[in-house]
Amino acid sequence: MYTLIIGNKNYSSWSLRPWLALRATGIEFNEQKLGFFTEAFTRQVAAVSPAGLVPVLLDGDFAVWDSLAICEYVAEQHPDAALWPKDAKARARARSIVAQMHSGFTALRNTMPMNIEAHLPDIDVPEAAQQDIERVQAIWRDTRAKFGQGGPFLFGEFSIADAFYAPVVSRFTTYNVAATGAVRDYLDAVIALPAMQEWMRDAHAEATFVPEDEPYRTHR
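Residues numbered from 1 in each chain as written. Predicted model: local features only at pLDDT ≥ 70, side-chain atom pairs only at ≥ 80, totals over all residues. Heavy atoms only, no water.

What follows deals with the environment of proline 215. On the secondary structure map, proline 215 appears in the segment after α9 (194-205). Proline 215 sits 154 residues away from aspartate 61 along the chain, and the two C-alpha atoms are 37 Å apart. (Helix = DSSP H or I, 4+ residues; strand = E, 2+ residues; numbered from the N terminus.)

So this is what it looks like as structure tokens:
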């Protein structure tokens, strides 16, 4: 059975992605959570990943790190889970928007770090972050319109694309980003996903406050 090493559920957007992909598709794994900025985190992650970051997937004694690499590995190992769309063009589009999420939207990430437990509706949003928000929402609208038949997710059925945009869904909720129409429907679908609900419950239950991940608060 796999072991997925993750960070704090309240903050770790990179950990959420492969965790959600595994849990939502019923692939069994053991979860190992390490607190950010702790000695155990540094020691245990360094022992299995030269990157020194989470998430890390262990398949026996074989380690895969980076959220996208983990999702790709799991998708290849479990083709029946249909983690990528079956249609070639839909699959290519899914990989395109996942790659865009994986490497882009820096202003959004920096302005609105994932913080599931918090409610922060009144922060100042710089123009660059607002442009990222608008681009994300356009991706969701366009993808749903072109490929979203057959279900409530970006490509109808749940896929890696939804796992990658789930942290943005969380950010939009925390920071009360305005959403209507297809964007609102998609947000609601991701939030309602049982695996997402489980992650959010665990995030709310965490008692740890990590100042390094809290630009807007001094306590929970």
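Here we come to unusual backbone geometry. Here the bond from valine 54 into proline 55 is cis, since omega is 5°, no more than 30 degrees from zero. Secondary-structure assignment places proline 55 in the loop between α2 (39-48) and β3 (56-59). Within the chain, alanine 82 stands out as a residue other than glycine whose phi angle is a positive 50°. Along the chain, alanine 82 falls in the loop between α3 (67-77) and α4 (88-103).

With that settled, the discussion passes to the sheet that holds β3. Taken together, four strands build an open sheet; the order of strands is β2-β1-β3-β4 and the sheet is mixed. A strand with exactly one partner marks an edge of an open sheet, and here the two such strands are β2 (29-33) and β4 (62-65). Between one strand axis and the next, the sheet turns through 20° on average, direction left out of account. Where α3 meets the sheet, its contacts fall on β1 (2-6), β3 and β4, and the angle it forms with β4 comes to roughly 125°. (Pairing = 2+ DSSP bridges. Axes fitted to C-alpha atoms, helices over the stretch in contact; angles between N-to-C directions. Contact = heavy atoms within 4.5 Å.)

The next subject is helix α1 (residues 13-24). For α1, built from 12 residues, the straight-helix expectation of 16 Å at 1.5 Å per residue is met to within 8% by its first-to-last C-alpha distance of 16 Å. Counting buried residues in α1 gives nine out of 12 residues, a clear majority hidden from the surface. Taken together, the buried positions of α1 are Ser13, Ser15, Leu16, Arg17, Pro18, Trp19, Leu20, Ala21 and Leu22. Just downstream of α1 lies glycine 26, where phi reads positive at about 75°. (Expected span 1.5 Å × (residues − 1). Buried < 20%, exposed > 50% of the residue type's maximum accessible area, 1.4 Å probe, protein only.)

Next up on the list: the packing of α1 against helix α7 (residues 160-174). Where α1 contacts α7, the two axes come as close as 8 Å, and the packing angle between them is 130°. By the angle class used here, α1 and α7 are oblique. In this structure, α1 crosses over α7, and the sense of that crossing is right-handed. Along the contact surface, α1 presents Ser13, Leu16, Arg17, Leu20 and Ala21, while α7 presents Ala163, Phe164, Ala166, Pro167 and Arg171. For the contact of α1 with α7, the per-class residue count stands at seven nonpolar, one polar and two charged. (Parallel < 35°, antiparallel > 145°, perpendicular 65-115°, else oblique. Left-handed = near helix turned anticlockwise from the far one by under 90°. Nonpolar A, V, L, I, M, F, W, Y, C, P; charged D, E, K, R; others polar.)

For the rest of this paragraph, the subject is the pattern of salt bridges. It is possible for side chains of opposite charge to pair when their charged atoms get near one another. Per the counting criterion, the structure on display carries 11 salt bridges. A salt bridge links arginine 95 to glutamate 72, with the shortest nitrogen-to-oxygen separation between them at 3.3 Å. Note that arginine 95 is positioned in helix α4 and glutamate 72 in helix α3, a separation of 23 residues in sequence. Its relative accessible area of 35% is what places arginine 95 among the partly exposed residues. Across the salt bridge formed by glutamate 117 and arginine 220, the nearest N and O atoms sit 3.4 Å from each other. Linking glutamate 117 in the loop between α5 (106-111) and α6 (127-147) with arginine 220 in the segment after α9, this pair joins segments that are 103 residues apart in sequence. What makes arginine 220 partly exposed here is its relative accessible area of 29%. A single network of salt bridges, built from pairs that share partners, joins Glu117, Glu214, Arg217 and Arg220. (Salt bridge = Lys/Arg side-chain N within 4 Å of Asp/Glu carboxyl O.)

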